[in-house]
Amino acid sequence: MARIAIDDFGDKEIGRVYFAARLTEAELVEGELSKHNIDYAVEVEPYVATAVFWISEYKGAAFYVISGQLDFCRRVLHEAGLTTGLLEEEFQ
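Worth saying up front: this structure is predicted, and the values here are computed from it rather than measured.

The rules behind the values
Residues numbered from 1 in each chain as written. Predicted model: local features only at pLDDT ≥ 70, side-chain atom pairs only at ≥ 80, totals over all residues. Heavy atoms only, no water. Helix = DSSP H or I, 4+ residues; strand = E, 2+ residues; numbered from the N terminus. Expected span 1.5 Å × (residues − 1). Buried < 20%, exposed > 50% of the residue type's maximum accessible area, 1.4 Å probe, protein only. Arc of directions from axis to C-beta. Contact = heavy atoms within 4.5 Å. Core = buried A, V, L, I, M, F, W, Y, C linked by side-chain atoms within 4.5 Å. Pairing = 2+ DSSP bridges.

Here the focus is helix α1 (residues 23-35). Here α1 contains 13 residues, and its C-alpha end-to-end distance of 18 Å stays within 8% of the 18 Å for a straight helix at 1.5 Å per residue. Inspection of α1 places Glu 25, Ala 26, Val 29, Glu 32 and Leu 33 among the buried residues, and these make up the whole buried set. Within α1, the buried residues cover an arc of 125° as seen down the axis, which keeps them to one side. Residues of α1 that are exposed and angled more than 90 degrees away from the buried face: Leu 23, Leu 28 and Lys 35. Residues of α1 that are buried make contact with β1 (14-20), β3 (55-66) and α2 (70-79). Immediately downstream of α1, the backbone of Asn 37 shows phi near 55°, a positive value.

Right, let's talk about the nonpolar core for a bit. Here is a general trend for soluble globular proteins: nonpolar side chains tend to be buried in one another's company. If you look at the biggest cluster of nonpolar residues, it comprises 17 residues, and the most contacted ones within it are Val 17, Tyr 18, Val 29, Leu 33, Phe 63, Val 65 and Leu 77. Secondary-structure elements contributing two or more residues to this core are β1, α1, β3 and α2. In this structure Phe 63 touches Gly 15, Arg 16, Val 17, Tyr 18, Ala 20, Ala 26, Val 29, Glu 30, Leu 33, Tyr 40, Ala 41 and Val 42, once residues within four positions along its chain are discounted. Within the second largest apolar cluster, five residues are counted, among which are Phe 9, Phe 19, Ala 62 and Tyr 64.

Bridge analysis of β1 against β3 gives six bridges, and the strand direction is antiparallel. Across the sheet, the residue bridging to Gly 15 is Val 65, located in β3. Hairpin connection of strand β2 (residues 41-50) to β3: four residues between the antiparallel strands.

This paragraph deals with α2. By the burial criterion, the buried members of α2 are Leu 70, Cys 73, Arg 74, Val 76 and Leu 77. Take α2 and look down its axis: the buried residues cluster within an arc of 165°, on one side only. Across from the buried face of α2, at angles greater than 90 degrees, the exposed residues are Asp 71 and Glu 79. Along its buried surface, α2 packs onto β1, α1 and β3. One or two residues past the end of α2 sits Gly 81, with phi positive at roughly 85°.

Written out as structure tokens, the structure is:
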């Protein structure tokens, strides 16, 4: 069990569990999911960050897992201290 292509999930329903804005954060998420033998896919997705006078677009790593594992994955990542990009059910 490890990182797979998003198409390898086939017809299974998937959900986005985490969005990492930084590479180091994404590497920590990968490590936790791999340690727990969870199949996951990573897709590069844009996000917008705003400051007082400007808006900038960046790219981050969105982590997808089988929908039936979302709660377990959230718990694993939360217990590992990875909460910044943890997505709650309504934001998948």
